[in-house]
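Listed here are the chains, written in short residue letters.
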Amino acid sequence: MTAVLDGGRLPSKPRAGVAVAQRVVTVQSGPLVRTEGSHVTILCNVTGYKEGMEQNFEWSMYLLSALEREIRIVSTNQPNYAYAVYAHRVNTKEIYVERLAGDSAVLHITKVQAQDQGLFECYTPNTDGQYLGSYSARTNLTVIADSLTVAAPAQTLSKVESDTLQLTCEVSRTTLQHTHLSVGWYLRSPEDAAAPPQELVTLSRDFVLRSGGPYRQRMAAGDLRLDKTSATSYRLTIHKLQPVDQGLLYCQAAEWIQDADDSWFAMTRKQSDKTQLRIQPTDRDFSIQVSTERRSFTAGEPLELHCTIEAQNVPERFFSVSWVFSSSPVAVVGTSAVPVLGPDYVSREAAGHMTVRKESANVYLLKLQHLRPEDAGKYICRVTEREKTPTGDFIDRSKRSRNVQITVQPLKSNITVSLSSNSSEVLEGDVIQLTCSVQSTSGPLSVSWLWTDRQAAAPALELASVGREGTVWHGASYGGRSSYGEVRAEKVRADTFSLSLYNASPGDEGQYRCQATEWLQTGVGPEANWQIIGEKSATKAIAVKTVGKLVQPSPSRRTCILDWLE
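Residues numbered from 1 in each chain as written. Predicted model: local features only at pLDDT ≥ 70, side-chain atom pairs only at ≥ 80, totals over all residues. Heavy atoms only, no water.

(A) Focus on the overall build of the protein chain. Regarding its fold elements, the protein chain presents four helices and 41 strands. At 53 Å, the protein chain has a C-alpha radius of gyration far larger than the 24 Å of a compact globule built from 566 residues. A buried classification covers 41% of the 566 residues belonging to the protein chain. Relative to all contacts within the protein chain whose residues are 6 or more apart in sequence, the contacts with residues 24 or more apart total 58%. (Helix = DSSP H or I, 4+ residues; strand = E, 2+ residues; numbered from the N terminus. Rg over C-alpha atoms; globule rule 2.2 N^0.38 Å. Buried < 20%, exposed > 50% of the residue type's maximum accessible area, 1.4 Å probe, protein only. Contact = heavy atoms within 4.5 Å.)

The following block contains the structure:
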């Protein structure tokens, strides 16, 4: 017979010369590294025993500082087996044995503590009537601090169907041992809190992305992503949200370690705070609003019209916008945001006096820089949405805004004209000098110089004219004199013009009129269009005194008579 060990246990050495099956007890190979507070399991199996006999299991541990002292924990056949240090935890089922089969059991420590670190022994009492083989096995349990942190903000988000959702989870640990992390996002149904959570997407400990069954197709289509954006950040992205995505979203991470038998064990799992996600079903309807600061303008002023699309999830939809003026197309801004101009507005836009653009996802602008009187009328904005049906076909839905009536008043000129001269009576042969001054101008001026006789019996003759740019033309009736320099017209300043008539003759006597015209430019470059916005004139009467001939006196009188003729 073999000797009995301390504690009533027998040695595992068999008797020489006996060829029978030997009992073998095995436990998980150590060391088993586990985090404090986690659920630890240690499997124990026994083989080589007499068939038909159920095996019992007794668990003890040995502190590394006192390997000779056994501390009993739990037994399958002895209710009061535990020593005092473990008795309470056993009685409260914090520590228990789960029998898997007649020859297999698992020790559970539901919340391992730092003082549990040491050698754990599984002992199986003999049931064969003889002692042959091994009756116990040991493994080393190492308990380390749990340093895993998983953080995401607790929040409530409201989204519209087809929106994009992005959530970020921060995961870190400071474990000295070589460990791997797995990080996943989960969805818990708001209707059934007891239902298991739905896995959305997970980055496994082997750095492989996988998704839960209902989400595989969406991940394959690129609408579901999990990206590691930094050493600790994991970002979930869901494009084209669906009503089924509504619920409680949270991030869960696990820290894994590889045991001595090459199997992987999740030492600890933690969850982040939850995001309450509400998804509002998409309303496919839309409305249009055209706005402007005012509706009454003066020619030359700018007009801005804004067309606003009011709808859900506008950036994800396909709208085109048409501007129409009095039933004529102005411009179309398609889904590419490139404007196509109507034929009557191409040159105007090229001249820089018209702007059509998409200002934001739902706001479109039409701007006319310099209004013309013919721009008065009704403006509307027509919006068309192109939508793809489940069958792959496209349907168009259009709406138009209310009419916006714009009035354009012609620009009123407030100029006044005054005419002065060097003298109202000049001697024959002297200079007639006139100065025309124009006040309260807002645009460029042109001036025409006209003459009529005192009775104004005949049509007025044009002496000269000065254009907007200062160019001078002489009238046909005065072409000869102007070629000798006797007629001179000048633009002295922007609002001052002069006329000089040299070598005045009696025929120059009469009414002189300065006629000033104010202009408005409605275009630039080759497309410039000038409009007259006002005309005013002033008149001045000029008399020319004739010098009589010198009469030769008779020799007897030697008198000189100077006769002035009126």
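(B) Local environment of the sheet that holds strand E27 (residues 354-358). Pairing is antiparallel in the open sheet, where four strands are placed in the order E21-E23-E28-E27. Strands with a single pairing partner mark the edges of an open sheet, and in this sheet they are strand E21 (286-291) and E27. Averaged over neighbouring strand pairs, the angle between their axes works out to 10° when direction is ignored. In the sheet, strand E23 (residues 303-311) pairs with strand E28 (residues 363-368) via six bridges, with the strands oriented antiparallel. Paired with Leu-303 across the two strands is Leu-368, which belongs to E28. (Pairing = 2+ DSSP bridges. Axes fitted to C-alpha atoms, helices over the stretch in contact; angles between N-to-C directions.)

(C) Just the state of the cysteines, in detail. Counted by the stated rule, this structure contains four disulfides. The residue that forms a disulfide with Cys-307 is Cys-381, at a sulfur-sulfur distance of 2.0 Å. Measuring the twist about the S-S bond at about -70°, one finds the Cys-307-Cys-381 disulfide to be left-handed. Note that Cys-307 is positioned in strand E23 and Cys-381 in strand E29 (residues 377-388), a separation of 74 residues in sequence. Note on Cys-307: relative accessible area 0%, which makes it buried. Through a disulfide, Cys-436 is tied to Cys-514; the S-S separation comes to 1.9 Å. Across the disulfide from Cys-436 to Cys-514, rotation about the S-S bond amounts to roughly -75°, and the bridge is consequently left-handed. Here Cys-514 lies in strand E40 (residues 510-521) and Cys-436 lies in strand E34 (residues 432-439), a separation of 78 residues in the sequence. Taken individually, Cys-436 and Cys-514 each receive the classification buried, so the pair is uniform in this respect. Here the bonded cysteines of the protein chain are numbered in sequence order, and their pairing is 1-2, 3-4, 5-6, 7-8. (Disulfide = S-S within 2.5 Å.)

(D) Spatial organisation of the packing of aromatic side chains. Tallied over the full model, the rule gives three aromatic pairs. Measuring from ring centre to ring centre gives 5.3 Å for Phe-286 and Phe-319, while their planes differ by 75°; the resulting arrangement is edge-to-face. Taken together, the positions of Phe-286 in strand E21 and Phe-319 in strand E24 (residues 319-325) put the pair 33 residues apart, joining distant regions of the chain. The burial state of Phe-286 is the same as that of Phe-319; both residues are buried. With centroids separated by 4.6 Å and ring planes inclined at 35°, the aromatic side chains of Phe-325 and Tyr-379 adopt a geometry described as tilted. Placement of Phe-325 in strand E24 and of Tyr-379 in strand E29 is noted, with a sequence separation of 54 residues between them. The exposure classification of Phe-325 matches that of Tyr-379, with both residues buried. (Phe/Tyr/Trp six-rings, centres within 6.5 Å; stacked < 30°, edge-to-face > 60°.)

(E) Up close: the environment of Ala-376. By the element assignment, Ala-376 lies in the loop between E28 and E29. Expressed as a C-alpha distance, the spacing of Ala-376 and Ile-238, which sit 138 residues apart in the sequence, is 49 Å. Residue contacts for Ala-376: discarding those within four places in its chain leaves Phe-325, Ile-406, Thr-407 and Val-408.

(F) Spatial organisation of the pairing of strand E16 (residues 224-228). Strand direction decides the pairing type here: E16 and strand E17 (residues 233-238), joined by five bridges, are antiparallel. Note that in E17 the partner of Leu-224 across the bridge is Ile-238. Here E16 folds back onto E17 in antiparallel fashion, the turn holding four residues.

(G) Quick peek at the sheet that holds strand E32 (residues 416-421). If you walk across this open sheet you meet the four strands as E32-E34-E39-E38, and the pairing is antiparallel. At either end of the open sheet lies a strand with only one pairing partner, and these are E32 and strand E38 (487-493). Neighbour-to-neighbour, the strand axes of this sheet turn through a mean angle of 15°, independent of strand direction. With six bridges joining them, E38 and strand E39 (residues 496-501) adopt antiparallel strand pairing. Across the sheet, residue Arg-488 finds its bridge partner in E39, namely Ser-500.

(H) Broad picture of the environment of Ala-84. Structurally, the position occupied by Ala-84 is in helix H1 (residues 84-91). Spatially, the C-alpha atom of Ala-84 lies 9.2 Å from that of Ile-71, the residues being 13 residues apart in sequence.

(I) Local environment of the side chain of Asp-259. Relative to the assigned elements, Asp-259 resides in the loop between strand E18 (247-258) and strand E19 (264-271). Polar side-chain contacts of Asp-259 include one of 2.9 Å to the side chain of Arg-34. Every residue in contact with Asp-259, bar those within four places of it in the chain, is listed here: Gln-28, Leu-32, Arg-34 and Phe-265. (Polar contact = N/O pair within 3.5 Å; in protein donor to acceptor, adjacent residues only side chain to side chain.)

(J) A look at the pairing of strand E9 (residues 136-144). Where strand E2 (residues 32-35) meets E9, four bridges bridge the pair, whose relative direction is parallel. Each residue of the ladder has a partner; that of Leu-32, found in E9, is Leu-141. Pairing of strand E8 (residues 118-123) with E9 involves six bridges; the strand directions are antiparallel. The partner of Cys-122 across the bridge, within E9, is Ala-137.

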